Amino acid sequence: MKPFLFLIAGTLVCGAVMQAQSGAPQAQSGAPQAQSGAPQAQTDAPQAQTGAPQAQTGAPQVTKFAPLDYFNDKCAKCHGAYGSFYGKEFATGKSDEELADTVKQMCEGPAQAPLSPHDLNVLVAWHRSLRDGKPFVASVKLEGGVWSGEATPGSTVVMETSTGARTEAPLKEHRWSAGMPEGVRITKVQVKNGEQVVEFDPRLGAYAPK
Ligand code: HEC
């Protein structure tokens, strides 16, 4: 495992350099949230368009909605904790739209727990990660100097700050948290589960690989 960890460290450093470059004003219009299907890109992300302070400082976007908590509460009785009954072939060949339709119907029908469009997008993002076989991560809350969120159980969540410091955010079941003092900027988050690695732009609310 050691050599692989070094590899990750290398990737993180490269990523940090790229991130630093993307802080330039003209790079912001091409920032990932403008292109991706990330939850907030489809809904209310004024900071992505206006270049408001949040985008410039790289402060994490937060979903304020915890999709795995919701799923385990409302959906797991039929689909297993973390969708364990979905099976390996889950949603193979389904488009993002088809998946979103099914999830919406499930929330409104069997689960009897309809979601706002924003929260639904976050829940769909998690289903996309299941379909793609990739680890999920969501940035849920930033409060009192603690940044927290959710990730696929068993995965590793590693963060890098603008000073180059790297920390692993401990994961309890599916919840992670990391201290984030005033002024510290998270430049990179990497989630790893087995062979699968996802680079996560903290300015996005949830899983949205390129
Ligand atoms: C009362 C049981 C029940 C609950 C609760 C329930 N579902 Fe379902 N779900 C089903 C059944 C049965 C199917 C398969 C038949 C169908 O597609 O209608 C299904 C199918 C699905 C599928 C498609 C599975 C596939 O293999 O493509 C998804 C995605 C899904 N549910 C998501 C959810 C989500 C998200 C929730 C919670 C908001 C939820 N379900 C709550 C019973 C349930």
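Because the structure is predicted, anything quoted here is derived from the model rather than measured.

What counts and what doesn't
Residues numbered from 1 in each chain as written. Predicted model: local features only at pLDDT ≥ 70, side-chain atom pairs only at ≥ 80, totals over all residues. Helix = DSSP H or I, 4+ residues; strand = E, 2+ residues; numbered from the N terminus. Buried ≥ 20, exposed ≤ 12 C-beta atoms within 10 Å, placed from the backbone. Axes fitted to C-alpha atoms, helices over the stretch in contact; angles between N-to-C directions. Parallel < 35°, antiparallel > 145°, perpendicular 65-115°, else oblique. Contact = placed C-beta atoms within 7 Å. Nonpolar A, V, L, I, M, F, W, Y, C, P; charged D, E, K, R; others polar. Near = placed C-beta within 6 Å. Pairing = 2+ DSSP bridges. Core = buried A, V, L, I, M, F, W, Y, C linked by C-beta atoms within 7 Å.

(A) Summary view of unusual backbone geometry. The phi angle at Ala-91 is positive, at roughly 60°, despite the residue not being glycine. Of note, Ala-91 is situated in the loop between helix H8 (76-79) and helix H9 (96-108). For Glu-173, which is not a glycine, the phi torsion comes out positive at approximately 55°. Among the structural elements, Glu-173 can be located in the loop between strand E5 (171-172) and strand E6 (175-179). Residue classification places Glu-173 among the partly exposed positions, given that 14 C-beta atoms sit within 10 Å.

(B) Quick look at the packing of helix H7 (residues 67-74) against helix H10 (residues 117-132). At a minimum axis separation of 9 Å, H7 and H10 run at an interaxial angle of 85°. Here H7 is positioned roughly perpendicular relative to H10, judged by the angle of their axes. Residues Pro-67, Leu-68, Tyr-70 and Phe-71 of H7 touch H10, and the partners they reach there are Val-122, Leu-123 and Trp-126. Split by residue class, the contact of H7 with H10 holds seven nonpolar, no polar and no charged.

(C) Here's a closer look at the site of the ligand. The full set close to the ligand counts 15 residues, and Cys-75, Cys-78, Met-106, Pro-110 and Ala-111 are the nearest of them. Mapped onto the shell around the ligand, the elements with two or more residues apiece are H8 and H9. Counting residues per element, the shell around the ligand draws most heavily on H9, which supplies four residues.

(D) Up close: the environment of Lys-64. Residue position: Lys-64 is located in the loop between helix H6 (53-57) and H7. Judged by C-beta crowding, with 13 C-beta atoms within 10 Å, Lys-64 ranks as partly exposed. Sequence-wise, Lys-64 and Val-122 are 58 residues apart; in three dimensions their C-alpha atoms are separated by 9.9 Å. In contact with Lys-64, not counting residues within four places along its chain, are Val-140 and Lys-141.

(E) Structural view of the pairing of strand E4 (residues 166-169). Taken together, the four bridges between strand E3 (residues 156-161) and E4 define a ladder with antiparallel strand orientation. Paired with Glu-160 across the two strands is Arg-166, which belongs to E4. The hairpin turn running from E3 into E4, its antiparallel successor, is four residues long, and Gly-164 in that turn takes a positive phi close to 90°.

(F) Up close: the nonpolar core. Within the largest apolar cluster, 38 residues are counted, with the highest numbers of intra-cluster contacts made by Leu-123, Val-137, Val-157 and Tyr-207. Examining the composition of this core, we find that six residues originate from one element, H10, more than from any other. Once residues within four sequence positions are removed from consideration, Leu-123 is found in contact with Pro-67, Tyr-70, Phe-71, Val-103 and Leu-115.

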